[in-house]
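# Commentary on secondary and tertiary structure
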Amino acid sequence: MSTNQPTSMDPTKMGVGRSIAVLTSGGDAQGMNAAVRATVRVGLYTGAKVYFVHEGYQGLVDGGEHIRLATWESVSMMLQLGGTVIGSARCKDFRSREGRMTAACNLVKLGITNLCVIGGDGSLTGANEFRTEWSGLLVDLVRAGRITEQEAKKSSHLNIVGMVGSIDNDFCGTDMTIGTDSALHRIIEVVDAITTTAQRSPTPTTHLYGVKEKRTGCNVTVFFHPQPPEDIYPGGDGQALYLALVTAQACGADWVFIPEMPPDHGWEDHLCRRLTDQRARGSRLNVIIVAEGAMSRDGKPITSEQIKKLVTDRLGFDTRTTVLGHVQRGGTPSAFDRILGSRMGVEAVMALLEATPDTPACVVSLSGNQAVRLPLMECVQVTKDVTAAMAEGRFEDAVKLRGKSFENNWNTYKLLAHINPPDVKSNINVAIVNIGAPCAGMNAAVRSAVRMGIIQGHNMLAVYDGFDGLAEGQIEPITWTSVSGWTGKGGSMLGTKRSLPGKMLEKISQNISRFNVHALVIIGGFEAYVGGLELVQAREKYEEMCIPMVVIPATVSNNVPGSDFSIGADTALNTITSTCDRIKQSAAGTKRRVFIVETMGGYCGYLATMAGLAAGADAAYIFEEKFSIRDLESNVEHLVEKMKTTVKRGLILRNENSNANYTTDFIFNLYSEEGKGVFDCRKNVLGHMQQGGTPTPFDRNFGTKMGAKSVLWLTDKLKECYRHGRIFANTPDSACVLGMRKRALMFQPLAELKEDTDFEHRIPRTQWWLKIRPIMKILAKYDIKLDTTEHADMEHVIKKRGHLGQ
């Protein structure tokens, strides 16, 4: 959480005497309820009154029972619900000045001068106009006798803060909008299901998926999403461009049609050639993604029916079409969207309470893993500029205006989807190895690294079974088609072990020489990092180790130094969150029950903390934040008080290595004893289910980006290290960890990260997520003081373009 308040300001007093209203508008999106919940609870924490506005702007106009005081308990059990529990509706009344006057009157009568709007760019534009004309509306209301001069004076200024809730992720200024990740989960679930059945069909099949808009398909599956409910103000064009692009990248689609980048003239011939080529290479399935609004260079619509007819008539391929409707909007929110909504809600309240009459209406958004504030109308203007660029045929400009995240996704997809090896080979051999425990997303990273290497002209080598395989010579060439379909596969297709190279250095050096390995990609967890360090240290003795190396963090524990995120952690987090949902639901008919759940993570408390925030836990015990018997006693007392309310369930998470003495059994026994007569307890140890499963869209795309970027970096580094006819790399910056740090992917020398590493407990000494632990405690109603020394200044869209995205 961040704030501009003076450090002496008591955060629990910031909102005293003030009122905040929260509404959701436009099409609903998963995660909106998390944002509403956080806004209400943090607002109450600051001492403010918080109101629900039911049915969006219509409720603002209708007033009365549509604007109700919110309580702590009224937002319980909301996190796992899709849609928006306070409703969203079309509102023609708010488009008129008379309607906005009535809305203003309703707010003034209740003393509400802070409005939090969760919706798309149309909803946020309407909110900004409402704020801009606020003073004039008050003058007219006084003149009409509907409010008094005193009431007008008390409500002289309206503060507006927006949060973007939209599954389309088409709002410029944020890497991800609330709801996008959940929509991708729904889409990928369908694609995976169809891919499974198609690959086992006796007849090779093409599936066509249409995203948003009733389309049909081709030797591929098409995702469709109908237009959302009409927004209160004209907003964006409603096209599911981001969903189409990221889905294509996540499932390795053969072709994707998106409006920003129409295919070149003659695309029909090109598409048919590609499908024919893929079939000749043994592919049993082709996937084509069509976004709503897809068109040719001359502006003619491209529909999935048209593509299906093309493929069927020209190639005679058996073709199926899948059209996805509101399934993309529905279902339970992903862990990412719950955490995003919660963090945005907290930041929105802070922004409202810190605003002055001179502060422009802002939108809180995500940049990398940081919450930032941006002028609302700057974001809206850039979003409109995208539509204008597309209408004028400036497609390259449209992609750039979408932001770096979108542009990077597009460029990565284009490179990895199409076989286009260079005419000249590099004669460079790049080996890829998986180290440590398997995790979801590893295979996506391997696939993109292999394909990017082939595109660069390199020969790619697969090392099987970790460092053991490197020592025993389990090394084979790996080709473009070898890694087809790997993005959606969990675990490690190469095989992986926890063994470190220290005792095998001589054999490893011999095989590096024998197989003429010029560069090494190491994908894995803490063992990958430590193993990389051992290889670097061995350079003094073994010249064969003097090759460029890159470590890509991939572990459910998220404990690799040099990266805020590791591949696989998001999949594990979703597993924990969905399991906690089910556990809590199991007590729906049973009053006063507390669940103690143990998570994985080694000594790293990331999973326990973030799952606690996503699942609405009452406490999360971790190694990094020491706790005593007095803390445990305080938590029990907290739950005893909670059971006196209408909320009769409790959830406690414990990281597996949080404390050697206060074990999960100990905590279970303690809670059971102290809760006698008030609540009973149940215990769950989730175990290795957290490591399994198919990768989430986030892990597929994060792995894809990391794999591709690592090989591009190695290619540049190889050029730097080429001396006297051979590769010689012995500088610290020739062996790096590739990681996400705040807002960008960065390469950091392994050796430089040693100072920030607690080797005994296998965790980084500095972990960004510890700063958001207070949010979980505040949302669980603990009486704690929030650190307000950090602050988020208003930024500008052009400076903020992030890189995380999906």
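Residues numbered from 1 in each chain as written. Predicted model: local features only at pLDDT ≥ 70, side-chain atom pairs only at ≥ 80, totals over all residues. Heavy atoms only, no water.

### With respect to the packing of aromatic side chains
Here the distance between the centres and the angle between the planes together describe a pair of aromatic rings. Summed over the entire model, instances satisfying the criterion amount to 18 aromatic pairs. When the ring of F94 is compared with that of F130, the centres are 5.2 Å apart and the planes differ by 70°; the resulting orientation is edge-to-face. Note that F94 is positioned in the loop between β3 (67-69) and α3 (97-110) and F130 in helix α4 (residues 121-132), a separation of 36 residues in sequence. Residues F94 and F130 agree in their burial class; the two are buried. Its guanidinium or amino end placed over the ring of F317, R279 lies 4.2 Å from that ring's centre, counting from NZ or CZ. (Phe/Tyr/Trp six-rings, centres within 6.5 Å; stacked < 30°, edge-to-face > 60°. Helix = DSSP H or I, 4+ residues; strand = E, 2+ residues; numbered from the N terminus. Buried < 20%, exposed > 50% of the residue type's maximum accessible area, 1.4 Å probe, protein only. Lys NZ or Arg CZ within 6 Å of the ring centre and 35° of its normal.)

### Details of the pattern of salt bridges
Enumeration over the complete set of coordinates arrives at 35 salt bridges. With a closest N to O distance of 2.5 Å, R338 and D581 form a salt bridge. Of this pair, R338 sits in helix α11 (residues 335-354) while D581 sits in helix α19 (residues 569-585), and the two are 243 residues apart along the sequence. Overall, the relative accessible area of 1% leaves R338 in the buried class. (Salt bridge = Lys/Arg side-chain N within 4 Å of Asp/Glu carboxyl O.)

### Description of the sheet that holds strand β21 (residues 680-685)
Judged by pairing direction, the sheet is parallel, and its four strands sit side by side in the order β19-β20-β18-β21 without closing on themselves. Only two strands of the sheet have a single partner each, and these edge strands are β19 (619-621) and β21. Sheet twist, expressed as the mean angle between neighbouring strand axes with direction ignored, is 20°. Sheet topology note: the strand β18 (residues 593-599)/β21 ladder contains six bridges and is parallel. Across the sheet, residue V597 finds its bridge partner in β21, namely N684. Contacts from helix α21 (residues 629-642) reach β18, β19 and β20 (649-655) within the one sheet, and its direction differs from that of β20 by about 160°. (Pairing = 2+ DSSP bridges. Axes fitted to C-alpha atoms, helices over the stretch in contact; angles between N-to-C directions. Contact = heavy atoms within 4.5 Å.)

### Observations regarding the nonpolar core
Core analysis: the largest hydrophobic core is formed by 146 residues, its most contacted members being M163, I432, V521, I523 and Y606. No other element matches the twelve residues that α11 contributes to this core. In this structure, Y606 is in contact with S557, N558, F565, A569, W768 and W769, ignoring residues within four places of it in sequence. Core analysis: the second largest hydrophobic core is formed by 39 residues, I67, F94, L138 and V380 among them. (Core = buried A, V, L, I, M, F, W, Y, C linked by side-chain atoms within 4.5 Å.)

### Looking at the domain arrangement of the protein
One frequently used descriptor of interface size is the decrease in accessible area upon assembly of the parts. You can read the domains of the protein as domain 1 (14-174 + 333-387), domain 2 (180-218 + 238-328), domain 3 (423-567 + 695-758) and domain 4 (572-691). Using C-alpha coordinates to define each centre, domain 1 is positioned 46 Å away from domain 3. At the junction of the two partners, domain 1 supplies six residues and domain 3 supplies five residues. Contact between domain 1 and domain 3 buries roughly 490 Å² in total, counting both sides, with carbon and sulfur atoms accounting for 52%. At the boundary of domain 1 and domain 3, one finds zero salt bridges. Where domain 1 meets domain 3, there are zero residue pairs in polar contact (both at pLDDT 80 or more). (Domains from an automatic or database assignment. Buried area = accessible area lost by both parts, 1.4 Å probe. Polar contact = N/O pair within 3.5 Å; in protein donor to acceptor, adjacent residues only side chain to side chain.)

### Quick word on the packing of α21 against helix α22 (residues 664-674)
Each pair of packed helices can be described by the angle between their axes along with the distance between the axes. With their axes 10 Å apart at the nearest point, α21 and α22 run at an angle of 45° to one another. Relative to α22, the element α21 is oriented oblique. Between α21 and α22 the crossing geometry is right-handed. For the pair α21 and α22, the contacting residues are I629, L632, N635, V636 and L639 in the first and F666, I667, L670, Y671 and E674 in the second. A class-by-class count of the residues in the contact of α21 with α22 yields eight nonpolar, one polar and one charged. (Parallel < 35°, antiparallel > 145°, perpendicular 65-115°, else oblique. Left-handed = near helix turned anticlockwise from the far one by under 90°. Nonpolar A, V, L, I, M, F, W, Y, C, P; charged D, E, K, R; others polar.)

### Concerning the pairing of strand β2 (residues 49-53)
With four of five residues buried, β2 lies mostly within the body of the structure. Relative to β2, strand β1 (residues 19-24) is paired through five bridges, and the arrangement is parallel. In the strand pairing of β2, V22 is matched with F52. Crossover handedness for the path β1 to helix α1 (residues 32-45) to β2: right-handed. Two elements, β2 and β3, share three bridges in a ladder whose sense is antiparallel. The residue bridging Y51 from the neighbouring strand is L69, located in β3. (Right-handed = clockwise from strand over helix to strand, strands pointing away.)

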